[in-house]
Amino acid sequence: MRLSGYFMPTMKETPAEAEIVSHRLMLRAGMIRQASAGIYSWLPLGLRVLKKIEQIVREEQDRAGAQEVLMPTIQSADLWKESGRYDAYGPEMLRIEDRHGRDMLYGPTNEELITEIFRASVKSYRDLPRMLYHIQWKFRDEVRPRFGVMRGREFLMKDNYSFDLDYAGAKRSYNKMFVAYLRTFARLGLQAIPMVAETGPIGGDLSHEFIILSDTGESEVFCHRDFVDFDVLGASIDYESDLEPVVEAWTKLYARTDDKHDAAAFEDQVPEDKRVHRRGIEVGHIFYFGTKYSDPLKALVATPEGEPVAVHMGSYGIGVSRLVGAVIEASHDDNGIIWPEPVAPFRVGLINLKTADAACTKACEETYAKLQDAGIEVLYDDRDERAGTKFNDMDLIGLPWQLVIGPRGLGKGVVELKRRAGGEREELSLEAALVRLTG
Ligand code: 5CA
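Just so we're clear, the structure is a prediction, and the values are computed from it rather than from any experiment. (Residues numbered from 1 in each chain as written. Predicted model: local features only at pLDDT ≥ 70, side-chain atom pairs only at ≥ 80, totals over all residues. Heavy atoms only, no water.)

## Comments concerning helix H13 (residues 430–438)
Every α-helix winds through 3.6 residues per turn, so residues three or four apart in the chain are directed the same way. Counted only if it meets this: Partly exposed describes any residue whose relative accessible area lies between the buried limit of under 20% and the exposed limit of over 50%, with all areas from a 1.4 Å probe on protein chains only and scaled to the type maximum. We count a stretch as a helix when DSSP gives it H or I for four or more residues in a row; a strand needs E for two or more, and each element gets its number in order from the N terminus. Along the arc lie the directions from the helix axis toward the C-beta atoms. Only heavy atoms enter the contact rule, under which two residues are in contact if any of them lie within 4.5 Å.
Those residues of H13 that fall on the buried side of the exposure criterion are Leu 430, Ala 433, Leu 434 and Leu 437. Down the axis of H13, the buried side of the element spans an arc of 100 degrees, and every buried residue falls inside it. Seen from the open side of H13, the exposed residues pointing more than 90 degrees away from its buried face are Glu 431 and Val 435. Where H13 is buried, its residues meet strand E19 (348–352), helix H10 (358–373), strand E21 (401–405), strand E22 (415–419) and strand E23 (425–428).

Below, the structure is given as structure tokens:
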């Protein structure tokens, strides 16, 4: 992509309305634009990151055996009246009346709709277990939308729903998602800690929130310090094996959000020098709620004995759009964003220091073509701007590698390669730089 023609409206000034760094940087880097309170348009740079995160989330859901569907954003109120949540959900639900006077709503979550899809076609234990997920925009009319995409009113969520014959099966599904979440967040470059959590309007009695420790997080959390160094991706995972030992290893240490915090147990179980009391960002939340929805909605299956029983369900959410902000909170410096490679909008920023210099531009154009041919995502700053502006913009948008080509270096046969994280710079030949980036 050539920056000269790319729609990336960066800003120099710090937007006054943005209270936390990720919101400021997303606005300054031209990733998003507010449409109304808590509702954002995603501009090209932001959308690329959102799609990368979405794809990693999708791959890990698929790997764990879940199947993707797509349910609508607008739902009929009828099912919510059947489950009893239409009244219980309160003013966070955006209620709409269609031209025929029918009650509709913009889905804040999908337990009812997925249960209806399930009950219409699954009748026997033989068709279990099943896990169905979708990645869809949700709307919750939050009292206080804030911090940009962190607490939006419209936001992108991955929500998965599991269906099992009994508690034992449901726990196996819960464990699969638990492990899939650890892998997902680790692939995004984040250390997420599973914490015992309150279930709120989704319900149920077994629930974990996945929390990224961060001073700007909205949750108050308490946990054992050893979580910070747990390795996730080292071990390969067979989702059909017994995952209970993995889940036990990750839940035996104390980790709770404030509504589940027990000061005496914390002091009892965690030595003083290991006690972490901080703020955190909730990037995922998983629930087992048994037959809370299948009972009222009559999602029944026949057991091997032919007995009809309500299926045991769980639901599993990831805040996909919130994660864009969470990654930035975890990875930035004074100059801007530092994208972890797996979610970076482009891998390389190619800077032409002097577009008016024919030899420099020729070298840049050839390099741009070679990187693209090698399948590298590259943003080529071919604008007629001062070098300082180009460096600042490149640091702001945080691509993992900067390849800087200028007439002076070319005269000596070298270009400069800078790693955004850490800031190391190296002078090397253009060929060596290309090998480094494509190898
Ligand atoms: N149905 C269940 C799980 S599928 C559910 O809705 N869970 S939830 O309410 O905990 O939401 C799942 C995830 O969505 C949260 O962990 C959080 O990361 C994200 N999320 C929730 N509310 C917002 C919001 N207002 N803005 C951005 N992300 C949000």
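## Looking at the sheet that holds E22
To be explicit about the condition: Two strands form a pair only when DSSP identifies at least two bridges running between them. Axes, fitted as lines to C-alpha atoms, cover a helix only where it is in contact. Angles between the N-to-C directions of the axes lie from 0 to 180 degrees.
What the 5 strands build is an open sheet, ordered E20-E19-E21-E22-E23; its pairing is mixed. If you trace the sheet from one side to the other, it starts and ends with strand E20 (378–381) and E23, each paired once. Put simply, the sheet's adjacent strands are angled 20 degrees from each other on average, direction ignored. Taken together, the 5 bridges between E19 and E21 define a ladder with parallel strand orientation. Paired with Gly 349 across the bridge in E21 is Gln 402. Helix-sheet contacts for helix H11 (residues 387–397) involve E19, E20, E21 and E22, and the interaxial angle to E19 is about 175 degrees.

## Considerations on the pattern of salt bridges
Defined as follows: Throughout this description, the term salt bridge denotes a Lys or Arg side-chain nitrogen within 4 Å of a carboxyl oxygen of Asp or Glu.
Summed over the entire model, instances satisfying the criterion amount to 37 salt bridges. The closest approach of N and O atoms between Arg 153 and Asp 141, which form a salt bridge, is 2.8 Å. Pair noted here: Arg 153 is in the loop between strand E7 (130–139) and strand E8 (154–164) and Asp 141 is in the loop between E7 and E8, with a separation of 12 residues, a long-range link. Judged by relative accessible area, which is 18%, Arg 153 ranks as buried. Classification of Asp 141 as partly exposed rests on a relative accessible area of 27%. Between Glu 240 and Lys 176 there is a salt bridge, with its nearest N and O atoms 3.4 Å apart. Here Lys 176 lies in helix H6 (residues 167–187) and Glu 240 lies in the loop between strand E11 (219–224) and helix H7 (244–251), a separation of 64 residues in the sequence. Where salt bridges share partners, they join Glu 59, Glu 60, Arg 63, Arg 183 and Arg 187 into one cluster.

## Section: the pairing of E19
Side-chain positions along a regular strand alternate between the two faces of the sheet. Where we set the bar: Orienting the strands away from the viewer, one traces the path from the first strand over the helix to the second; a clockwise path indicates a right-handed crossover.
Extensive coverage of E19 is indicated by the burial of 5 of its 5 residues. Going residue by residue along E19, you find Val 348, Leu 350 and Asn 352 tucked away on one face and Gly 349 and Ile 351 tucked away on the opposite face as well. When E19 meets E20, the two strands line up parallel, connected through 4 bridges. Paired with Val 348 across the bridge in E20 is Val 378. Between the parallel elements E19 and E20, the chain passes through H10 in a crossover that is right-handed.

## Description of the site of the ligand
The cut-off we apply is this: Any residue with at least one heavy atom within 4 Å of a molecule or strand is counted as near it. Each polar contact in these results corresponds to two N or O atoms within 3.5 Å; when the atoms are within protein, one needs to be able to donate a hydrogen and the other to accept it, and residues that are neighboring in sequence are counted only if both atoms are side-chain atoms. Surface accessibility follows the Shrake-Rupley procedure with a 1.4 Å probe radius. Residue values consider only the protein chains on display as shielding.
Contacts to the ligand come from 22 residues, most closely from Thr 109, Glu 111, Arg 140, Gly 152 and Glu 282. Glu 111 is positioned with one of its side-chain polar atoms (N or O) 2.6 Å from a nitrogen atom of the ligand. His 285 places a side-chain nitrogen or oxygen 3.3 Å from an oxygen atom of the ligand. For the ligand, the accessible surface in isolation is 600 Å², of which the surrounding protein chains cover 96%. Elements represented by at least two residues in the shell around the ligand include exactly E8, strand E13 (275–290) and strand E16 (312–319). Sorting elements by how many residues they give to the shell around the ligand places E13 first, with 5 residues.

## Here we look at the sheet that holds strand E6 (residues 103–106)
Reading across from one edge, E4-E6-E5 is the order of the 3 strands in this open sheet, with antiparallel pairing throughout. Each edge of the sheet is formed by a strand with only one pairing partner; in this case those strands are strand E4 (74–76) and strand E5 (94–97). Here the strands of the sheet are splayed against their neighbours by 35 degrees on average, with no regard to which way each runs. Pairing geometry for E5 and E6, over 4 bridges, is antiparallel. Bridge pairing in E6 places Ile 96 opposite Met 104.

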